[in-house]
Amino acid sequence: MTHSPHQIIIDTDPGQDDAVAILLALASPEVKVLAITTVAGNVPLALTSANARKVCELAGRPDISVFAGCDRPLKRPLITAENVHGKTGLDGIELPEPQMPLQAQHSVDFIIETLRNAPEKTITICSLGPMTNTAQALLKAPDIAARVKRIVLMGGGFFEGGNITPSAEFNMFVDPDAAKIVFAAGIPLTVIPLDVTHQVLTSKEWVDGLRRMDNQVGPAVAAWTDFFERYDMEKYGSEGAPLHDPCVIGYMIKPELFSGRFINVEIEADSPLTVGAMVADWWNVTGRTANAEYLRDIDRDGFFDLLSERLATYQ
Ligand code: BDR
Ligand code: CA
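For the chain, an unreviewed UniProt entry supplies the name Ribonucleoside hydrolase and the organism Acinetobacter baylyi.

Enquirer: Which residues make up the nonpolar core, and what values do they have?
Expert: Most often, soluble globular proteins keep nonpolar side chains buried together rather than apart. Grouped together as the largest cluster of nonpolar side chains are 64 residues, with contacts concentrated most on L23 and W224. Examining the composition of this core, we find that 8 residues originate from one element, helix 1 (residues 16-26), more than from any other. Beyond its immediate chain neighbours, meaning those up to four positions away, W224 contacts Q16, A19, V20, L23, V55, L58, L90, D91, I93 and L95. Counting residues in each nonpolar core, the second largest holds 38 residues, with C70, M172, L189 and Y294 among its members.

Enquirer: So, helix 5 (residues 132-140): which residues are in play, and what are the values?
Expert: Two residues of an α-helix separated by three or four positions point the same way, owing to the 3.6 residues in each turn. Among the residues of helix 5, those classed as buried are T132, N133, T134, A135, A137 and L138. Residues of helix 5 that are buried make contact with strand 1 (6-12), strand 2 (31-38), helix 4 (107-117), strand 4 (123-127), strand 5 (148-154) and helix 7 (176-183).

Enquirer: Residues and numbers for the pairing of strand 1, please.
Expert: Among the 7 residues in strand 1, 5 count as buried, and that is most of the element. In the classification by handedness, the crossover that spans strand 1, the intervening helix 1 and the parallel strand 2 is right-handed. Summarising the sheet, strand 1 and strand 4 pair through 5 bridges and their orientation is parallel. Bridging across to strand 4, I9 finds its partner in I125.

Enquirer: Before we move on, can you summarise the pattern of salt bridges with the specific residues and values?
Expert: Inspection of the entire model under this criterion finds 14 salt bridges. One salt bridge connects D71 with R72, and the closest N-O pair in it is separated by 3.7 Å. Assessed through its relative accessible area of 52%, R72 is described here as exposed. A salt bridge links D177 to R76; the shortest N-O distance between them is 2.7 Å. Of this pair, D177 sits in helix 7 while R76 sits in the loop between strand 3 (66-68) and helix 3 (82-85), and the two are 101 residues apart along the sequence. When salt bridges with common partners are traced through the structure, they connect K204, D208, R211 and D226 into a single cluster.

Enquirer: Outline the side chain of H85, listing residues and values.
Expert: Within the secondary structure layout, H85 lies in helix 3. At a separation of 2.7 Å, a polar atom in the side chain of H85 contacts the side chain of Q16. Polar contacts involving the side chain of H85 include one to the side chain of N42, which spans 3.1 Å. Not counting residues within four places of it along the chain, the set of residues in contact with H85 comprises G15, Q16, D17, N42, L90, D91 and F227.

Quick notes on the rules
Residues numbered from 1 in each chain as written. Chains lettered and ligands numbered in written order. Predicted model: local features only at pLDDT ≥ 70, side-chain atom pairs only at ≥ 80, totals over all residues. Heavy atoms only, no water. Core = buried A, V, L, I, M, F, W, Y, C linked by side-chain atoms within 4.5 Å. Buried < 20%, exposed > 50% of the residue type's maximum accessible area, 1.4 Å probe, protein only. Helix = DSSP H or I, 4+ residues; strand = E, 2+ residues; numbered from the N terminus. Contact = heavy atoms within 4.5 Å. Right-handed = clockwise from strand over helix to strand, strands pointing away. Pairing = 2+ DSSP bridges. Salt bridge = Lys/Arg side-chain N within 4 Å of Asp/Glu carboxyl O. Polar contact = N/O pair within 3.5 Å; in protein donor to acceptor, adjacent residues only side chain to side chain.

This is how it looks when you write it as structure tokens:
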């Protein structure tokens, strides 16, 4: 590798697919994880904060700093997704209670301080859950908008529709007000929507390969995907589990696996029928200013090869 690694903050609500994203990041020299910040989403904050630490310990990385953030969306009650991820958020395999500490500082303050102390445009936020922490940081310290290098986010979906309502994807639906603030902040954005993540469904062969890995991580990821694929199999009749959040880290490592367009993307936060919907002007019919790189396709096989290659590096 000739370039220095991307410095990233992973903002997340683990969740099995968030957990796989963290494991991919911690096994990849192309990224340096500065910290993990947690947010309420798939399950409440106390669980996402414990889960993030369980995953770091599973990875043999208790040195990673984990900060707890917002425990509810900016303006609305929290909606969680135990129906998808199970009661703990990481159902599928029982991991020991984490021994590593949770940092004392709030995620929002950590994000602000870190961006202010680092050289401008050197830090990327990898956003894997509702965007409450980032929006709150922007509200508290608008100066950081000019300091973020990029936000790469899993969220939304346009051609695929939604997964929690007919028009909204979960992360956008839980905190549309936060997403709206982030999309209006002028920060370079890369959106990885359901249009992409519904192309990366696990196959039985791939999961069997993980189960056979001679480490703890492969079988753990296999157990997680076994658990949460049942939801998509029942709902969509699909063959496997969509690995939504690992796509964000996959993009940081190998952007050439993805393709898309630089377009205008807006978030609906008001209409009761379509709240949380992402409106992607793919054909530039509105003339609104482009504000995001919107990804639409992925090299599925390349992505799964990358993931198994990196998960196999764990001891
Ligand atoms: C997103 O919602 C969560 O359930 C997943 O972790 C992912 O971030 C998919 O809609
Ligand atoms: Ca997530």
